[in-house]
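Notes for the structure review
Okay, here's what each chain looks like letter by letter:
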Amino acid sequence: MATPAKIKELDTYEWRGLNRRGKKTEGELRANSIHEAKALLRQQGITPSSVKRKAHSLFGGDAKITAADIAVLTRQIATMLSAGVPLVQSIDLIANGADKKSLRTLMQKVSLKVQSGIPLSEVLREHPKHFDELYCDLVKSGEQSGALDRIFDRVATYKEKAEALKSKIKKAMFYPIAVTVVALVVTSILLIFVVPSFAEIFAGFGAELPAFTQLVIHISEWMQQYWWLVLAAIIAAVYSFKKAYRHNLKFKTTADAMALKLPVMGMIINKAAVARYARTLSTTFAAGVPLIEALESAAGAAGNEIYKNAILEVRADVAAGGQMFSSMKTTRQFPEMVVQMVSIGEESGSLDDMLARVANIYEQEVDDAVDGLTALLEPIIMAVLGVLIGGLIVAMYLPIFQLGSVIK
């Protein structure tokens, strides 16, 4: 087999000119050179007055491909296939319209391989960083059934729902973490730079300072000497946690179990895991993937080690001839309502539809819970910030207030 030609990345050119009606117009296009760009414009009936290569952005010019990019890409393919656009042409259109250089290069590689006769599912498996096993298996089932447009529509819906769910979880965690970090930074700045100035003033008072003020000054002195140790400890703790979570299965399982028991956040994580399980299983099962394989895919997409183990238990029981709803109930990990809906789905032969309804219900509950958590945290965080920063201010002004009362 001939080796595919090396892909040459097209440059983006900004142009200005006059159209056929003599009106001024401008835009962007991709070409190999400025001469090719001018020729393409003339073919479109545009007389170019200015054509120049677009400067690459300093930030994100070759940004990484994210899961959100793959979700958008999948929806674009689904839309074009449904409209009757051939697969290769759909991929080429996406490649030409992509803003990220890395995404354009990826889709151009995929296009070349598909044009050479390799099935799309096999081409995608060569890029596991962007297309996981579940994605490739679903595409393969679409190729085998001849319904690639419908499969891509289901995969696109699955990806969009998954990204929306992930975004909600990030939203629930980001707000309190961001405010906590800001509070720590502001408090540290006050202790290291502001409090020492007050301490120098208080040294000339010749009187004993209030106990609260002395405590704050002692903390400030300690922070001035060991701030680097505190910063190093925080960085080391975050790095160690991430490394242990990725590479130590026992630690990951323990951390995931603790996360499920957190107040409020634990409830959100539980609901999100159930929604992810139901959505994955519904998508794979509806695409014609056997239930055993669908359960394996759902376990891989669980996002929580506790739920992953529970789903694998269900898979083992179903493989041994058991009913899925009974196996789910045995794990004691799934809500009773979910178990009952799965039972109804198995009896009526509409398991994929019932699981999709479960996913919709729990995704909505996660959305509502995140909004409720944000509303709950706002006054709590403001109160904590007020006590923390206000306490430091009171500690610094307390001696001045006392001095004023003595003078009177």
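Comments concerning the environment of Ala-211
Note that Ala-211 resides in helix H8 (residues 211-247). Considering only alpha carbons, one finds Ala-211 and Val-182, 29 residues apart in sequence, at a separation of 27 Å.

Let's talk about the packing of aromatic side chains
Counted according to the given criterion, the structure contains eight aromatic pairs. The interplanar angle of 65° and the centroid separation of 5.6 Å between the aromatic rings of Phe-198 and Tyr-397 together place this pair among those described as edge-to-face. Taken together, the positions of Phe-198 in helix H7 (residues 148-203) and Tyr-397 in helix H15 (residues 351-407) put the pair 199 residues apart, joining distant regions of the chain. With a relative accessible area of 36%, Tyr-397 lands in the partly exposed category. Plain terms: the ring middles of Phe-241 and Tyr-245 are 6.0 Å apart, the flat faces sit at 20° to each other, and that makes the pair stacked. Pair noted here: Phe-241 and Tyr-245 are both in helix H8, with a separation of four residues, about one helical turn. Residue classification places Phe-241 among the partly exposed positions, given a relative accessible area of 43%. Take Tyr-245: its relative accessible area is 24%, and that puts it in the partly exposed class. Members of the aromatic cluster, joined through ring pairs, are Phe-131, Tyr-135 and Phe-152.

As for the side chain of Arg-279
Of note, Arg-279 is situated in helix H10 (residues 265-286). Residues contacting Arg-279, with those up to four places away along its chain left out, are Tyr-158, Lys-161, Ala-356, Ala-359, Asn-360 and Glu-363.

Some details on the environment of Gln-225
For Gln-225, the location among the structural elements is in helix H8. The exposure class of Gln-225 is exposed, given its relative accessible area of 53%.

A few points about the confidence of the model for the protein
Mean pLDDT over the protein: 84, with 93% of residues reaching 70 or higher. Here residues 1-7 scores under 50 on pLDDT; set against residues more than four positions off or in separate chains, the count is six contacts.

A short note on the pattern of salt bridges
Taken as a whole and assessed by the stated rule, the structure comprises 14 salt bridges. Residue Glu-26 pairs with Arg-16 through a salt bridge whose shortest N-O separation is 3.5 Å. Of the two residues, Glu-26 is situated in strand S2 (residues 24-31) and Arg-16 in strand S1 (residues 11-18); the sequence distance between them amounts to ten residues. Across the pair, Arg-16 and Glu-26 agree in class, each one exposed. Glu-122 is paired through a salt bridge with Arg-125; the nearest N and O atoms lie 3.8 Å apart. Of this pair, Glu-122 and Arg-125 both sit in helix H5 (residues 120-125), three residues apart, which is roughly one turn of the helix. Through salt bridges that share partners, Glu-122, Arg-125, Glu-133 and Asp-137 make up one connected network.

Some words on unusual backbone geometry
The backbone phi angle of Val-264 is positive, close to 65°, even though this residue is not glycine. Taking the relative accessible area as the measure of exposure, Val-264 reaches 33% and is therefore partly exposed. Positive phi is not limited to glycine here, since Arg-332 has a value of about 60°. For Arg-332, the position within the fold is in the loop between helix H13 (324-331) and helix H14 (336-348).

What counts as what
- All residue numbers refer to position in the chain's written sequence, counted from 1.
- Reporting of local features is limited, given that this is a predicted model, to residues whose pLDDT is at least 70; pairs of side-chain atoms are given and counted only at 80 or more, and all residues count toward the totals for whole chains, interfaces and linings.
- The basis for every side-chain value is the complete set of non-hydrogen atoms in the structure, without hydrogens or water.
- Secondary structure follows DSSP: runs of H or I at least 4 residues long count as helices, runs of E at least 2 residues long count as strands, and numbering of each begins at the N terminus.
- The pairing test for Phe, Tyr and Trp rings, Trp by its six-membered ring, is centres within 6.5 Å, and the orientation test on the planes gives stacked under 30 degrees, edge-to-face over 60, and tilted for anything in between.
- In this scheme, a residue with accessible area under 20% of its type's maximum is buried, one over 50% is exposed, and one in between is partly exposed, where area comes from a 1.4 Å probe on protein chains only.
- Note on contacts: a residue pair is in contact if any heavy atoms of the two residues lie within 4.5 Å.
- A score between 0 and 100, pLDDT records how confident the predictor is in each residue.
- Salt bridges are defined as contacts in which a side-chain nitrogen from Lys or Arg sits within 4 Å of a carboxyl oxygen from Asp or Glu.

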